Amino acid sequence: MTAQHAIEVDRVSKRYRLGQYQSTGSLGEAAAAGLHRLRHRRRPEEIWSLRDVSFSVEEGRALGIIGRNGAGKSTLLKILGRITEPTAGVARTRGRVAALLEVGTGFHGELTGRENLFLNGAILGMSRRAMALRFDEIVSFAGVERFIDTPVKRYSSGMYLRLAFSIAAHIEPDILVVDEVLAVGDAEFQAKCVGRMHIAEREGRTVVFVSHNLDAVMQLCTEAIWLERGAVTAVGSTESVVDAYVATATSEDRGSSPLVHSEDVTLHGVRLVDESGQTTRSLRRDRSFSIEVRYTIHEKVPALDMSVLVFNSAGTRVLDEAWSDTNGSRPDRPGTYTVRVSVPPALNVGDYRVGIWAGTAYEMLLFEPAAASFRLEGSTKGRPERAVALFLPWQVVDEQARSSAVDADTGRGPDQPNDHVDPRDDADTPNGPGVARQSRGSR
Amino acid sequence: MPVSGSTAGWIENRPRSGLLRLDVRELWAYRELAGFMALRDIKVRYKQAVLGIGWAVFQPLAGVLVFTIVFRRLAAIESDGLPYPVFVFVGLVVWNYTSGAVTKATQSLVSNASLVTKVYFPRLLIPLAGVLPGLLDLAVSLPVLVVLCALYDVRPGLAVLTLPLWIAAAILVAFAAGLLLSALNVRYRDVNQAITLLLQLWLFLSPVAYPTSAVPAAWQPLYAVNPMSAVIEGFRWCLLGGPAPGPWSLVSATVTLVLLGTALTYFQRTERRFADVI
């Protein structure tokens, strides 16, 4: 065995039994299931969540796991974290493993922040003493000093989340297994999370990170695995795996197979349509274009919302347009819909990726970070780095030519404004605004 | 540091074969967690309760009143020559602990489902933590018993020194039953419904309101199959100077150990699939 591996996964498979006779479980149902099986001589429906998955992670490396909903990512994490056992194969880990499948597991609303801190620490395998040593650091990282002796049921959701994450971030395991923790919280908080995981990696911890957020995976991980239907489709450097992943998501020959599927909503596909109505993946940057989404609602979802996200090649989320941003009525009844979002010419030349989010104010129903890709063609005017190119009009609103002694329009001498400079509000110098307002509309 | 602390060795997760394997070292490493969970339950129970821990005193006393009226005044039940209120107080306090602990342990895995599906730690700790909070009530009722004994002029003998033994026996019985039922409850929620009925029957089959001596001699061996018969008799013997537990107590002890063995085996066999079926 290679000594420097921290994780070894050897032909791991995991089977779940599906079907109404197996899911909830009660004596009556077990009896009914037995009868059912006798009568129909059929085994309950089985699903292989993982099939012959093998890989290893070297100590101190960060591995990203990507894949669509239901690809088996969570199951794999649960096996790494020993929360469930594989049906076949073996997963070996070396050192202390902390699996963060959510933050704040075991928090109790009636208990104070302090009490929850120690309880949560114990749940994550930290002794009371170890938590006491880190207490101040955890509390100040979370910024909840004043409320540490208040029951957490009185916390705002932000405070609750910050405390929970702060605890998780300070448990210092040898192997950190993280699932989608970053899906919650605002951008600032997410950045904090990624930063904290960077620290963990730098400290020599092994990190396994599952996320829908391809950019976070690229930022954090040097290696990645792509899971598809329970099997490893690609392993290698994060860049190559993510590229391969994005490429299949956007290849045109998907046929009728849906992109992502959830209980309530299925996303069939996303097309890019240019001004003349042609489907294309190559568009002109100086023309508007439409993103067309085809999806099916299976069950009525009140207030179903959808968002179209556009990421540039640097991974920056340049657009995140939710349907609910505007007031139009949105379909929520069962049916198949094709909807379009029109994008004005604003983005710079480059390669883009389209993501689709669907859900309500309370839950995410589906998220596909790589539903389509396209390229905007045209001139960058020599500046390819900018995200947005609007070619905004410029105009002269005040001119104080050296040659003329007195400005004809204002009747003031050239030195006058300088005498008047007020450092506190130089944006609104007394002589400027009137002129500016007058001349703004003139071009 | 917890989690099998062995940095050098591999921790394996593979399909488990049937044999009983109890990782005592790991349980010990996680011992604080059981304490924290028990503490959480105690704190939560008495939050926003005006009487607070006073309930631990009030409940058995109210029970004593009812039992004394019903069983002593109306049914004229014997009590081994001990004053009935003191006699039944001990029975009630021990029974309340056991039934409360069994109920709590039975529901423990399901009510901590979010932990079971999200974090790894020895699952055994959850039902174990379930039998601990009741000990506080037991401890609180002891001073009340001292007062009652003084009032009725009951003096325990040297046997009082065996009290820890009987407390341990009560914990063991509650833990064995709770452990088995909690694992069953993960799979079959019927257990949660059946537990009320089961405990009612168990109460009447235990010497809470009546002494073991009231059971016909021919039935004594069968009666002793109920571990609580020996436990409650033991408590009365050590605290009130009642009759010493007879040889049939060995039957109770054996039953308890068999139950514990069964429970541990079943629990271990099913524990790693809890997260899948809970």
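Being a predicted model, the structure only gives us computed values, none of them experimental. (Residues numbered from 1 in each chain as written. Chains lettered and ligands numbered in written order. Predicted model: local features only at pLDDT ≥ 70, side-chain atom pairs only at ≥ 80, totals over all residues.)

Attention shifts here to the interface of chain B and chain A. Listed by partner, the interface residues are 34 residues for chain B and 40 residues for chain A. Mapped onto the side of chain B that touches chain A, the elements with two or more residues apiece are β1 (10–13), α2 (31–46), α5 (113–118) and α13 (274–277) of chain B. At six residues, the largest contribution of residues to the side of chain B that touches chain A is made by α2(B). In terms of residue class, the side of chain B that touches chain A is built from 16 nonpolar, four polar and 14 charged. When strand β4 (residues 88–94) of chain A meets β1(B), the two strands line up antiparallel, connected through four bridges. (Contact = placed C-beta atoms within 7 Å. Helix = DSSP H or I, 4+ residues; strand = E, 2+ residues; numbered from the N terminus. Nonpolar A, V, L, I, M, F, W, Y, C, P; charged D, E, K, R; others polar. Pairing = 2+ DSSP bridges.)

What follows deals with the sheet that holds strand β9 (residues 231–237) of chain A. Hydrogen bonds along the backbone pair up the strands of a sheet, which may run parallel or antiparallel. All names here are of chain A. Taken in spatial order, the six strands make up an open sheet running β5-β6-β7-β3-β8-β9, and their pairing is mixed. Edge positions in the sheet fall to β5 (97–100) and β9, since each of these pairs with one other strand and no more. If you compare each strand with its neighbour and ignore which way they point, the axes differ by 15 degrees on average. Pairing of β5 with strand β6 (residues 175–179), which is carried by four bridges, proceeds in the parallel orientation. If you follow L100 over to β6, its bridge partner there is V178. Across the sheet, helix α3 (residues 73–80) is in contact with β3 (62–66), β5, β6, β7 (206–210) and β8 (223–228); its angle to β6 comes to roughly 150 degrees. (Axes fitted to C-alpha atoms, helices over the stretch in contact; angles between N-to-C directions.)

In this section: the pairing of β6(A). Residue and element names in this part refer to chain A. The buried count for β6 comes to five of five residues, which makes it a mostly enclosed element. Of the two faces of β6, the one lined by I175, V177 and D179 and the one lined by L176 and V178 are each fully buried. Here β6 pairs with β7 via five bridges, running parallel. The residue of β7 that forms the bridge with L176 is V207. (Buried ≥ 20, exposed ≤ 12 C-beta atoms within 10 Å, placed from the backbone.)

As a further point, take the packing of helix α4 (residues 84–111) of chain B against helix α9 (residues 190–204) of chain B. Residues and elements named next belong to chain B. Where α4 meets α9, the axes come as close as 10 Å, and the angle between the chain directions of the two elements is 165 degrees. Overall, the two elements α4 and α9 adopt an arrangement that is roughly antiparallel. Read as a crossing pair, α4 and α9 show a hand that is right-handed. Together, W95, S99, V102, T103, T106 and Q107 of α4 and V191, N192, I195, L199 and L203 of α9 make up the contact between the two elements. (Parallel < 35°, antiparallel > 145°, perpendicular 65-115°, else oblique. Left-handed = near helix turned anticlockwise from the far one by under 90°.)

The backbone phi angle of A:A303 is positive, close to 60 degrees, even though this residue is not glycine. Mapped onto the elements of the fold, A:A303 is located in the loop between β13 (289–297) and β14 (305–312). Judged by the 11 C-beta atoms lying within 10 Å of it, A:A303 falls in the exposed class. The phi dihedral of B:D153 falls on the positive side, at around 55 degrees, and the residue is not glycine. With respect to the helices and strands, B:D153 occurs in the loop between α7 (134–152) and α8 (163–187).

Pairing is antiparallel across the open sheet formed by four strands, whose spatial order is β2(A)-β1(A)-β4(A)-β1(B). At either end of the open sheet lies a strand with only one pairing partner, and these are β2 (46–58) of chain A together with β1 of chain B. Taking each pair of neighbouring strands and ignoring which way they run, the sheet shows an average axis angle of 20 degrees. Bridging between strand β1 (residues 5–17) of chain A and β4(A) involves five bridges; their strand directions are antiparallel. When the bridges of β4(A) are listed, A:E8 appears paired with A:R92.

Further remarks concern helix α4 (residues 113–123) of chain A. Here α4(A) lies mainly inside the structure; 10 of its 11 residues are buried. Among the residues of α4(A), those classed as buried are A:G113, A:E115, A:N116, A:L117, A:F118, A:L119, A:N120, A:G121, A:A122 and A:I123. Looking at the packing, one finds that the buried side of α4(A) touches α5 (128–142) and α6 (157–169) of chain A together with α2 and α5 of chain B. In the segment just after α4(A), A:G125 is the residue with positive phi, at about 90 degrees.

Residues and elements named next belong to chain B. Along the chain, V231 falls in helix α11 (residues 227–240). Along the backbone, V231 and V173 are 58 residues apart, and their C-alpha atoms lie at a distance of 8.8 Å. Filtering out sequence-adjacent residues up to four positions away, V231 remains in contact with V94, W166, A169, A170 and V173.

Note that all results are geometric; they support no functional claim without further evidence.
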